[in-house]
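# Secondary and tertiary structure notes
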Amino acid sequence: GVRGDGRFRVQELRMVNSIGPASLHNQMAMLGGCVGLFRNASSNGTTAYARQLSQQGYRRVRTRKTRMGGIPLSMWCREKGIVGDIEDGERGAEGFLSLFHAAKRRGYVTWFGEEFCTRDSPWVVQGNLFSTDPIDYQFDRLYCRLPPPEGSCVVGQFRHGLPLQSIEKLWDAYPDAPKLAFASSIPAHYFTPHWDELAVDAEGMDAALEGFLGRMLARADMDNTLVVLRGDHGLQLEGQVADYSTQVEQKRPVTYVVSPRDWVQPVRRLGRKFGNAVEEDALSVNADRLVTGFDLHRTLLRVIEGGGAAPMDGPGALPTAAPWAVDVLGGAVPAERTCADANIPMDFCACVNEYAHVDGLRGDAGTPHAPRGGVCNFLTALGLPHCVAPEL
């Protein structure tokens, strides 16, 4: 907690907002500070929004694929965050400079993990939107060589716990080197009517994660390590579930930050009672502020580039980070920040008061949107018209 005397400062960021319906949007924001535009599937897939991005130093990236899962996708990154190191047959394709590129320049050992064989998958960022060259260990390749999983198990082990075991081994193998590990866990991605199977996966993942965090945080070499535990989006395609809680979670996935205590900087804010300036640590201030993957990208990039609590201020310090992003360990997200300020598509904004009079999917001016509007748009674009936007 804030006033504890332990080694770590743990904080849930309670107002993190996803910026799209699937992992692609949210991972490209967190790993590269880039914006993904799904035309006809989101309110930011417009020519006007693309023009706005270009005015902020962004340009469209020549990606390997222009359709992801059947939806036209264009990716926009800051000019200094684009690199032409992804080959697509005879035509060279570009990708974004990821956190892994930054880490390798600083001498990090890097690890990326999925829980399935991602070969030829259209729904992953690695290889499609950024080069895997700076990744030393790609754990998903293991699943391409293993037999198919049987329920929650593969080769007699809980499949969702294997990447966590691998990360522990990485820390054992490189005790003196800086390390960057990114694991993408997918228990909630299974679409099945057998809810008992989903519950088994979720409970098994909880147990594996509890053991992993307990062992890792007890290590002496974790004093200079930042842990981010997050869902990049809520229950995928949850628009098919007529339940308000899942509609909200689609926009507000869980996010926790575990930081060495001395990495969290003091910031000033207005006092709640008298409006006077008071000093509070940055994580406390940002706990109930509107945060996105863009802010987490700036935070992680600053830690990689600057080392822990070392400040990196100035407009040129982190040229690939989004200009609207805030370092959640060292800065204060504006209390009055809106979804437009944070570059969250309006139909994925969880702040209901911002929804009135947003253009609908078919260009219906003034169509009101409920909090589930973005998912409804996404499903409609996929040809799955499960949603009806109710009146506010």
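Note that this is a predicted model, so its numbers are computed, not measured.

## Remarks on the nonpolar core
Judged by nonpolar contacts, the single largest core of 44 residues is most densely connected at L31, M75, F96, F100 and F130. Elements with a minimum of two residues in this core: α1 (23–32), β5 (71–78), α3 (99–105), β12 (179–183), α8 (282–286) and α9 (293–307). In terms of residue count, α9 provides more of this core than any other element does, five residues in total.

## Concerning unusual backbone geometry
Even without being a glycine, V155 presents a positive backbone phi close to 45°. Considering the arrangement of structural elements, one finds V155 in the loop between β10 (153–154) and β11 (157–158). Of note, the phi angle at N343 is positive, near 60°, even though the residue is not glycine. By relative accessible area, which is 7% here, N343 ends up buried.

## Topic: the sheet that holds strand β14 (residues 255–260)
Judged by pairing direction, the sheet is antiparallel, and its three strands sit side by side in the order β1-β14-β13 without closing on themselves. Of all the strands in the sheet, the pair left with one neighbour each is β1 (8–12) and β13 (227–230). With strand direction ignored, the average angle separating the axes of adjacent strands in the sheet is 10°. As defined by bridge partners, β13 adjoins β14 across four bridges and the pair is classed as antiparallel. Looking at the pairing, V228 lines up with V257 of β14.

## Looking at the packing of aromatic side chains
Here the structure, examined in full by the defined rule, presents 10 aromatic pairs. Each ring, one from Y58 and one from W324, has its centre 5.6 Å from the other, and the planes form 20°; the classification is stacked. Highlighted residues: Y58 in strand β3 (residues 58–60) and W324 in the loop between α9 and α10 (373–381), separated in sequence by 266 residues. Exposure class is identical for Y58 and W324. Each is buried. With 5.8 Å between their ring centres and 80° between their planes, F139 and Y143 make a pair best called edge-to-face. In this structure Y143 comes out as buried when scored by relative accessible area, which is 9%. An aromatic cluster of three or more residues is present, and its members are F96, F100, F112, F130 and F182.

About the cut-offs
Residues numbered from 1 in each chain as written. Predicted model: local features only at pLDDT ≥ 70, side-chain atom pairs only at ≥ 80, totals over all residues. Heavy atoms only, no water. Core = buried A, V, L, I, M, F, W, Y, C linked by side-chain atoms within 4.5 Å. Buried < 20%, exposed > 50% of the residue type's maximum accessible area, 1.4 Å probe, protein only. Helix = DSSP H or I, 4+ residues; strand = E, 2+ residues; numbered from the N terminus. Pairing = 2+ DSSP bridges. Axes fitted to C-alpha atoms, helices over the stretch in contact; angles between N-to-C directions. Phe/Tyr/Trp six-rings, centres within 6.5 Å; stacked < 30°, edge-to-face > 60°.

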